[in-house]
Amino acid sequence: METKRNLKYFTAPPISILSLVGYGIMAVGIIFALLRGFGQGFRMIGILIAIVGFAVAIFSSGGKSTDSDIDYQIAERVKNLQELNEKKHEVYEKSFLKQRKPIDLKGYDFEPKESEFYYKKGADGIGRTNYYMACNIIFTSEKVYLLGRRFSILDETVDEEIEGQYFYTELDKATVEEKEYTFKKGDRTMRAKYSLFQILKEDGEPILKMCVDTGADIDTYTDQVTRVIATRKKELAKRAEETAQRRAEFRARVAAEKEAEEAAKAAGKSVEEIEEAIKAAGRAIDEEKAKAAREAIEAERDTRRKQH
C-alpha cells in the first residue's frame, strides 16, 4: 500500500504552488501558440512551453494518491471476503439461509481506537478517513458467521481480522445510529455524517460494531438482520419445545410399557399375554396423544370462529 502518497492525500493542499506554476506556464504556452503573425517557429515554441507547463503540473500532482487510487487500494484489500468467510468457517452456499442471503458491510472508520486520525472529503463528494473496515455476514439455519477486515491506509501495521460464529439464541437484534463527525475548515465547523451499525447479543454486548455509509441500504439491512434473528429464535425455540415433547412422550411410553409388563408378570401372565399388555399400554399412550391433538385442532378452530 502506498502509505506516503496516501498521507499526502489527506495532508497536501488541493493544488500546490508547483502545480499553479505549471498551469501558469501551460497557459502562457497556449497563448503564444494561438498568437497570429509571429510565424510558425513562434507557434512551435508556444506549444513546447505548454507541454513543459503541463508536465510540471502533472509531476507536482503525482506525489499524492487520488480518490480513485484510495478506492482501488481498499478494493484490493477487501475483495473475496465471502469466499474467505465460507472457507474459514467451512460453510457453503447450500447451507445459506434462504430468507436472508449473505451481506457485505463496509465503510470508513470514524471512531478509531488509534490516536492518528485524518479525514478528507474527496472531489467525488465521498468523505474518507485513514481507517477502513469491511465485513461479510453469512446466515445459516442455526448460526451467524462473520469475517471482516479492518486496516489503516497509512500504517501497514494496523491490519486486523474480525471473525466469529454465533447461535441465534445468543443474539438480540441489529441497530444503526446516525452520527456526525465534526471538524474545522478554516473558521467554519464542518460535519460529516456516518452510521454506526451493531449486532447485539442478549446482554447488549456487540458481536459486530462498525461505521458504515449512511443510506437506505443500511436501514434495510438492519431491519432484515433483526427480523432474521427474531424469526430464527422463535423457530429454534419451537423446535426445542417439540424435541423436548417427543422425549417426554417417549419416556412416558417406556414407563407405561414397563409398568404394564411388571403388572402382567406379577399376575402370572403368559409370555404372549405380557407382550399384549405391553402393546396395549403403547396403544393407550398413542390414543391419548391423538386425543390431545384433536382437542388442540378444535380449540384452534374455535378461536378462528370467534375472531370472524
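Remember, it's a predicted structure, so these values are computed and weren't measured experimentally. (Residues numbered from 1 in each chain as written. Predicted model: local features only at pLDDT ≥ 70, side-chain atom pairs only at ≥ 80, totals over all residues. Heavy atoms only, no water.)

Quick notes on the overall build of the protein chain
The criterion, for reference: Helix and strand assignments come from DSSP, with helices taken as H or I runs of at least 4 residues and strands as E runs of at least 2, each series counted from the N terminus. Throughout, exposure labels follow a simple rule: accessible area from a 1.4 Å probe, protein chains only, divided by the maximum for the residue type, with under 20% read as buried, over 50% as exposed, and the rest as partly exposed. Two residues qualify as a contact provided that any one of their heavy atoms is within 4.5 Å of a heavy atom in the partner residue. Only the protein chains shown count as cover for residues, with accessible areas throughout obtained via the Shrake-Rupley method and a probe of 1.4 Å.
Each helix and strand counted, the protein chain has seven helices and nine strands in total. Looking at the 308 residues of the protein chain, the share that counts as buried comes to 31%. Across the protein chain, every contact between residues at least 6 apart in sequence was considered, and the portion connecting residues at least 24 apart equals 60%. For the protein chain, the accessible surface area stands at approximately 19,600 Å², while carbon and sulfur atoms represent 54% of it.

What about the packing of helix α6 (residues 216-266) against helix α7 (residues 271-307)?
Short version of the rule: The axes used here are C-alpha line fits, helices contributing only the stretch in contact, and every angle between their N-to-C directions lies in the interval 0 to 180 degrees. A clockwise turn of the near helix away from the far one marks a right-handed crossing, whereas an anticlockwise turn of less than a right angle marks a left-handed crossing. In this count, Pro and Cys sit with the nonpolar residues alongside Ala, Val, Leu, Ile, Met, Phe, Trp and Tyr, while Asp, Glu, Lys and Arg are called charged and the others, Gly among them, polar.
Across the interface, α6 lies against α7 with an axial gap of 8 Å and an inter-helix angle of 145 degrees. The handedness of the crossing between α6 and α7 comes out as right-handed. Each of Glu249, Ala252, Arg253, Ala256, Glu257, Ala260, Glu261, Ala264 and Lys265 in α6 lies in contact with α7, whose residues at this interface are Ile274, Ala277, Ile278, Ala281, Gly282, Ile285, Asp286 and Lys289. By residue class, the composition of the contact of α6 with α7 is nine nonpolar, one polar and seven charged.

Description of the packing of helix α1 (residues 3-11) against helix α4 (residues 67-78)
Threshold: Roughly parallel means an angle under 35 degrees; roughly antiparallel, over 145; roughly perpendicular, 65 to 115; everything else is oblique.
Here α1 crosses α4 at 135 degrees, and the two axes come no closer than 11 Å. Compared by their axis directions, α1 and α4 come out oblique. Here the hand of the crossing between α1 and α4 comes out left-handed. Along the contact surface, α1 presents Arg5, Asn6 and Tyr9, while α4 presents Asp67, Asp69, Ile70 and Gln73. Its residues assigned to classes, the contact of α1 with α4 comprises two nonpolar, two polar and three charged.

A few points about unusual backbone geometry
Residues apart from glycine generally show negative phi values, whereas peptide bonds are mostly found in trans. Positive phi is not limited to glycine here, since Asn80 has a value of about 65 degrees. Tracing the backbone through its elements, the reader meets Asn80 in the loop between α4 and α5 (81-89). Although it is not a glycine, Glu90 adopts a positive phi angle of roughly 55 degrees. Checked against the element boundaries, Glu90 lands in the loop between α5 and β1 (103-108). Glu90 sits in the exposed class, given a relative accessible area of 67%.

Some details on the environment of Asn85
Keep this limit in mind: Pairs of N or O atoms within 3.5 Å make up the polar contacts considered here, provided that, within protein, one atom can donate a hydrogen while the other can accept it, and that residues adjacent in sequence are counted only when both atoms are side-chain atoms.
Assignment of secondary structure puts Asn85 in helix α5. When the C-alpha positions of Asn85 and Leu146 are compared, they lie 6.9 Å apart, and in sequence the two are 61 residues distant. Contact partners of Asn85, with chain neighbours within four places excluded, come to Val91, Asn136, Ile137, Ile138, Tyr145, Leu146 and Leu147. Among the polar contacts made by the side chain of Asn85, one reaches the side chain of His89 at a distance of 2.8 Å. Within the structure, the side chain of Asn85 is placed 2.9 Å from the side chain of Asn136, a separation counted as a polar contact.

Description of the pattern of salt bridges
What counts is decided by this rule: Basic side-chain nitrogens of Lys or Arg form a salt bridge, by our definition, when they fall within 4 Å of a carboxyl oxygen of Asp or Glu.
This model, assessed by the stated rule, comprises 23 salt bridges. Put simply, Asp69 and Arg5 hold a salt bridge, and the shortest N to O gap is 3.7 Å. A residue pair is termed long-range when its members are at least 10 positions apart, and Asp69 in helix α4 and Arg5 in helix α1 qualify at 64 residues. Arg150 is the partner of Glu114 in a salt bridge, and the nearest nitrogen-oxygen pair spans 2.8 Å. You can see Glu114 sitting in the loop between β1 and β2 (119-121) and its partner Arg150 sitting in strand β5 (residues 143-152), a full 36 residues away along the chain. What makes Glu114 partly exposed here is its relative accessible area of 21%. Residue Arg150 is classed as buried on the basis of its relative accessible area, which comes to 5%. One salt-bridge network, held together by shared partners, links Asp109, Lys113, Glu114, Arg150 and Glu160.

With respect to the packing of aromatic side chains
Note the following rule: Pairing of aromatic rings covers Phe, Tyr and Trp, the last counted by its six-membered ring, and requires centre-to-centre distances within 6.5 Å; plane angles under 30 degrees mean stacked, over 60 mean edge-to-face, and any other angle means tilted. Look at NZ for Lys and CZ for Arg. If either is within 6 Å of the ring centre and within 35 degrees of the ring normal, a charge sits over the ring.
Counted under the stated rule, the structure contains nine aromatic pairs. When the ring of Tyr9 is compared with that of Phe10, the centres are 5.1 Å apart and the planes differ by 90 degrees; the resulting orientation is edge-to-face. By relative accessible area, Tyr9 is classed as buried at 1%. Ring geometry for Phe110 versus Tyr181: centroids 5.9 Å apart, planes at 55 degrees, classification tilted. Of this pair, Phe110 sits in the loop between β1 and β2 while Tyr181 sits in strand β7 (residues 171-185); the two residues are 71 residues apart in sequence, bridging distant segments of the chain. Neither Phe110 nor Tyr181 differs from the other in exposure class; each is buried. Taken together through their ring pairs, the aromatic side chains of Phe110, Phe117, Tyr119, Tyr181 and Tyr194 make up a single cluster. Here the basic side chain of Arg77 rests over the ring of Phe151, its NZ or CZ set 4.5 Å away from the ring centre.

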